[in-house]
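# Coordinate inspection notes
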Amino acid sequence: MGTRSATANVFGDPMPESTAVNQLYERYDPVAAYYLESDCVEYVKSDSIAIYDRIDEFLTLIFDETRSNLIGFKLKGFKNIFEQRLKHISQLRNIQFIDLVSAIETIFTLVGDKVMAAHDERREKAYKAARELASNDNVTLSSDFLKAA
Amino acid sequence: MSDWLTLPLIEAPAATDRSKTVIYKISDGFIRTNANIRRRVPMFQLWAHLVSVVPPINNISILEKGPLKPDLTTLKNSVACFRGVKRPYDDEAHGESVIIYVLNVGVTLGFDPTSPCMAKSVKLSTDALLTIQVKRTGPLREGDIDIVGIVTRIERVIGEGSAPCLPYGYEERYGERLW
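Read on for a plain summary of the structure. (Residues numbered from 1 in each chain as written. Chains lettered and ligands numbered in written order. Predicted model: local features only at pLDDT ≥ 70, side-chain atom pairs only at ≥ 80, totals over all residues.)

### With respect to the overall build of chain A
A count of helical and extended segments in chain A gives five helices and nine strands. Beginning at the N terminus, the succession of helices and strands in chain A can be written as β-β-α-β-β-β-β-β-α-β-α-α-β-α. Considering only contacts in chain A between residues 6 or more positions apart, those separated by 24 or more positions represent 52%. (Helix = DSSP H or I, 4+ residues; strand = E, 2+ residues; numbered from the N terminus. Contact = placed C-beta atoms within 7 Å.)

Next up, the structure:
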């Protein structure tokens, strides 16, 4: 490392100080991320204080502090959904990114009967809102997310 | 400066016996992912509300000397503890080994790129709260310390009730209330 300052980081690898500085100062660009230990994909538009609103076991909506603006969503139990439903489609299409619009639609197929039978407007609206956000922002996730996590 | 991504082990009341103290580790993956996508708010909140110090970043003393100071807490300030998330989680059908701590926090830390320290204190409404998810593990040793769980999430959620404020719909969303 020469004279360059470096610190052993939480990942067990040496982290050049410049990297940690960048991670503090650089601009936030909205991107979907997979969190391995909690097995969820999360997308938020801004690095702000957010409020999480649980919709059901698969979907949580994320609002800004005013609670009137949807700024993101969290898809839970994502590994299983990917392995069972999305992986083969990605392989078939030979694409490197999972379109989260498709992921949300796929998840809705799991709960849709129940939602419709119960006339559960809140859940239906929530899935529509998440889908719309994913579509408008063209939210994708690398299909290598399990390796990267 | 890179210390801001190196969070220490934390103490917490045991899920099964609030009078006992256990040690948790904050998930490396959670820190790495947030750092990689430049998402600082959850990291700042981990420092303030689980480690009970402001994050070690340049010029943070501005906040410490300012009129609105963040609440510095640990999981020992939790007002409730639940077990189970009622969804598949790893190999578990209902996430039975997931513990959820509830913190009622009045002032937290947010990201502010216009501030010399990149952080700001933010007063929170009292009808929302912080939940901290911990995945219980078999004993992990770090030096001579036994770690019994990994902190995997910190989230602000809508609450119900007051003093304490608990997660909205907690009876349906979690397996059981431990204390």
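### Quick notes on the overall build of chain B
Summing up its helical and strand segments, chain B has four helices and 10 strands in all. Tracing chain B from N to C terminus, the helices and strands come up as β-β-α-α-α-β-β-β-β-β-β-β-α-β. Taken over the C-alpha trace, chain B has a radius of gyration of 16 Å; the compact-globule value for 179 residues is 16 Å, and the two agree within 12%. In terms of overall dimensions, chain B has C-alpha extents of about 45 × 40 × 30 Å along its principal axes. Across the 179 residues that make up chain B, the buried fraction comes to 46%. Excluding contacts between residues fewer than 6 apart, the proportion of contacts in chain B whose partners are at least 24 apart in sequence is 62%. (Rg over C-alpha atoms; globule rule 2.2 N^0.38 Å. Buried ≥ 20, exposed ≤ 12 C-beta atoms within 10 Å, placed from the backbone.)

### A look at helix H3 (residues 100-117) of chain A
All names here are of chain A. For H3, spanning 18 residues, the distance from its first C-alpha to its last is 25 Å, which sits close to the expected 26 Å at 1.5 Å a residue. Maximum bend of H3: about 60°, positioned at Val 111. Once H3 finishes, His 119 follows within two positions and takes phi at roughly 50°, a positive value. (Expected span 1.5 Å × (residues − 1). Bend = angle between axes of the 7 residues up to and from the residue.)

### Describing the interface of chain A and chain B
Counting residues at the interface gives 34 residues for chain A and 42 residues for chain B. Looking at the side of chain A that touches chain B, the element that brings in the most residues is helix H1 (residues 17-25) of chain A, giving six residues. Residue composition of the side of chain A that touches chain B, grouped by class: 17 nonpolar, seven polar and 10 charged. (Nonpolar A, V, L, I, M, F, W, Y, C, P; charged D, E, K, R; others polar.)

### What about the packing of H3(A) against helix H4 (residues 121-136) of chain A?
Residue and element names in this part refer to chain A. Axis separation between H3 and H4 bottoms out at 9 Å; the angle between their running directions is 170°. The angle between H3 and H4 falls in the class roughly antiparallel. Along the contact surface, H3 presents Leu 100, Val 101, Ile 104, Glu 105, Phe 108 and Val 115, while H4 presents Arg 123, Glu 124, Tyr 127, Ala 130, Arg 131, Ala 134 and Ser 135. (Axes fitted to C-alpha atoms, helices over the stretch in contact; angles between N-to-C directions. Parallel < 35°, antiparallel > 145°, perpendicular 65-115°, else oblique.)

### Thoughts on the nonpolar core
If you look at the biggest cluster of nonpolar residues, it comprises 87 residues, and the most contacted ones within it are A:Leu59, A:Leu75, A:Leu100, A:Ala130, B:Tyr101 and B:Ile132. In terms of residue count, the dominant contributor to this core is helix H2 (residues 41-51) of chain B (seven residues). (Core = buried A, V, L, I, M, F, W, Y, C linked by C-beta atoms within 7 Å.)

### Here we look at the pairing of strand E5 (residues 51-54) of chain A
Residues and elements named next belong to chain A. Burial of E5 is two-sided: the residues Ile 51 and Asp 53 facing one way and the residues Tyr 52 and Arg 54 facing the other way are all buried. In this sheet, strand E6 (residues 59-63) lies alongside E5 in antiparallel orientation, the contact comprising four bridges. Bridge pairing links Asp 53 to Leu 61 in E6. With antiparallel pairing between neighbouring strands as the criterion, E5 and E6 make up a hairpin whose turn holds four residues. (Pairing = 2+ DSSP bridges.)

### Describing the environment of A:Ala126
Structurally, A:Ala126 is set in helix H4. In contact with A:Ala126, other than residues within four places in its own chain, are A:Ile55, A:Leu59 and A:Leu61.

### Focus: the environment of B:Thr73
All names here are of chain B. For Thr 73, the location among the structural elements is in the loop between helix H3 (61-65) and strand E3 (80-83). On the neighbour-count criterion, Thr 73 (19 C-beta atoms within 10 Å) is partly exposed. In the structure, Thr 73 is positioned 27 residues away from Leu 46 in sequence and 9.7 Å away in space, judged by C-alpha atoms. Dropping the residues within four chain positions of it, Thr 73 is found in contact with His 49, Ser 52, Leu 103 and Val 105.

### Quick word on the packing of helix H2 (residues 78-93) of chain A against H3(A)
All names here are of chain A. Running from amino to carboxyl end, H2 crosses H3 at an angle of 100°, the nearest separation of the two axes being 11 Å. Between H2 and H3, the crossing angle belongs to the class labelled roughly perpendicular. Residues Ile 81, Arg 85 and Leu 86 of H2 lie in contact with H3, whose contacting residues are Ala 103, Thr 106 and Ile 107.

### Section: unusual backbone geometry
The residue after B:Ala163, namely B:Pro164, is reached through a cis peptide bond having omega 5°. Along the polypeptide, B:Pro164 turns up in the loop between strand E8 (145-160) and strand E9 (166-167). If you check the backbone angles, A:Asn138 has positive phi at about 50° while not being a glycine. If you trace the backbone, A:Asn138 turns up in the loop between H4 and strand E9 (140-142).

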